[in-house]
Amino acid sequence: MPRLPASRRSGLDDALAVELAAVVTGARRRALRDGDRQIDTAHLLHSLVETDPEVGAAFDGGHQLARVLGYLVQRSIGYGLRWQRSVEDTGSALPVVRAGADSAAAGWSPAAAAALAGAFERAARRGDRRVRGLDLLAALAADPDSRAVEVLRKAGVDPVVLAGRTGPAGGPSQQV
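Anyway, here's the lowdown on the structure attached to this text. Worth saying up front: this structure is predicted, and the values here are computed from it rather than measured.

### Brief notes about the packing of helix α3 (residues 41-51) against helix α7 (residues 133-141)
Contact geometry of α3 with α7 gives a least axis separation of 11 Å together with a crossing angle of 145°. Crossing hand, α3 versus α7: left-handed. From α3, Thr-41, Leu-44, Leu-45 and Leu-48 reach across to α7, where they touch Gly-133, Leu-136, Leu-137 and Leu-140. Among the residues making up the contact of α3 with α7, the classes are represented as six nonpolar, two polar and no charged.

So, in structure tokens, the structure goes:
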């Protein structure tokens, strides 16, 4: 899978909170292991719920989180969802601001690039340069046609309700 040039990776890493940088690294590893050409929104969601305790707390109890992880694990071992090893392109209404037109070359599906851009925008509205896990969760839940939202729905999670639990633009607990 193609990767961002080192200079662009370091700029991205500077803007991500340590926890979210670990999420992106985990999603990249997951995509490679799954044989997928691009990081998609389900890879990001999987890594996010496994890595960030604040994201886990946004779900309505452990049962919801367990169901989401169950669907994501099914996908990673080759069962379940129909889109394994295909490219995610939802035609998302979310703008791709930071990823730009070369997101596919950088190893990101258009929907994943849009979600990351949405997370950056959310952090900026909060007045923060650093993107947090809840920013990314809200952005993932905002694209109704994404793979992440498909997983959430199959697990019985309402993406709109989940996004509402992340607080407005990250909420006061997310301020630096």
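### Considering helix α8 (residues 147-154)
Residues spaced three or four apart along an α-helix face the same direction, because each turn holds 3.6 residues. Buried residues dominate α8, accounting for six of its eight residues. For α8, the set of buried residues is Arg-147, Ala-148, Val-149, Glu-150, Val-151 and Leu-152. Looking at the residues trailing α8, positive phi occurs at Gly-156, about 85°.

### Observations concerning helix α6 (residues 110-125)
Taking 1.5 Å of rise per residue, 16 residues should cover 22 Å, and α6 covers 22 Å from first to last C-alpha, within 8% of that figure. The element α6 is largely enclosed, with a buried count of 12 among its 16 residues. One or two residues past the end of α6 sits Gly-127, with phi positive at roughly 85°.

### Details of the packing of α3 against α8
For the pair α3 and α8, interaxial distance at closest approach is 6 Å and the crossing angle is 60°. One element, α3, and the other, α8, form an angle in the oblique class. Of the residues in α8, those in contact with Thr-41, Ala-42 and Leu-45 of α3 are Arg-147, Ala-148, Val-151 and Leu-152.

### Focus on the environment of Thr-25
Its location among the elements puts Thr-25 in helix α2 (residues 18-34). Linking Thr-25 and Leu-44, residues 19 residues apart in sequence, is a C-alpha distance of 9.4 Å.

### Considering the environment of His-46
Mapped onto the fold, His-46 is located in helix α3. It is 6.9 Å that separates the C-alpha atoms of His-46 and Leu-69, two residues lying 23 residues apart in sequence.

Cut-offs used in this document
- Here the residue index of a chain counts from 1 through its sequence in written order.
- Selection of residues for local features in this predicted model requires a pLDDT of at least 70, selection of side-chain atom pairs for listing and counting requires 80 or more, and totals for whole chains, interfaces and linings are taken over all residues.
- Working from all heavy atoms in the structure, the side-chain values ignore hydrogens and water.
- With axes taken as lines fitted to C-alpha atoms, and helix axes fitted only over the stretch in contact, angles between N-to-C directions fall between 0 and 180 degrees.
- Only DSSP runs of H or I covering at least 4 residues are called helices, and only runs of E covering at least 2 are called strands; the numbering of each starts at the N terminus.
- We call a crossing left-handed when the near helix sits turned anticlockwise from the far one by less than a right angle, and right-handed when that turn is clockwise.
- Residue contacts follow a heavy-atom distance rule, with two residues in contact if any of their heavy atoms lie within 4.5 Å.
- Amino acid classes used here: Ala, Val, Leu, Ile, Met, Phe, Trp, Tyr, Cys and Pro are nonpolar; Asp, Glu, Lys and Arg are charged; the rest, including Gly, are polar.
- Exposure categories follow from relative accessible area, calculated using a 1.4 Å probe and restricted to protein chains: below 20% of the type maximum is buried, above 50% is exposed, and the middle band is partly exposed.
- By this rule the span expected of a helix is its residue count minus one, scaled by 1.5 Å.
- For classification, angles of less than 35 degrees are called roughly parallel, those exceeding 145 degrees roughly antiparallel, those between 65 and 115 degrees roughly perpendicular, and all remaining angles oblique.

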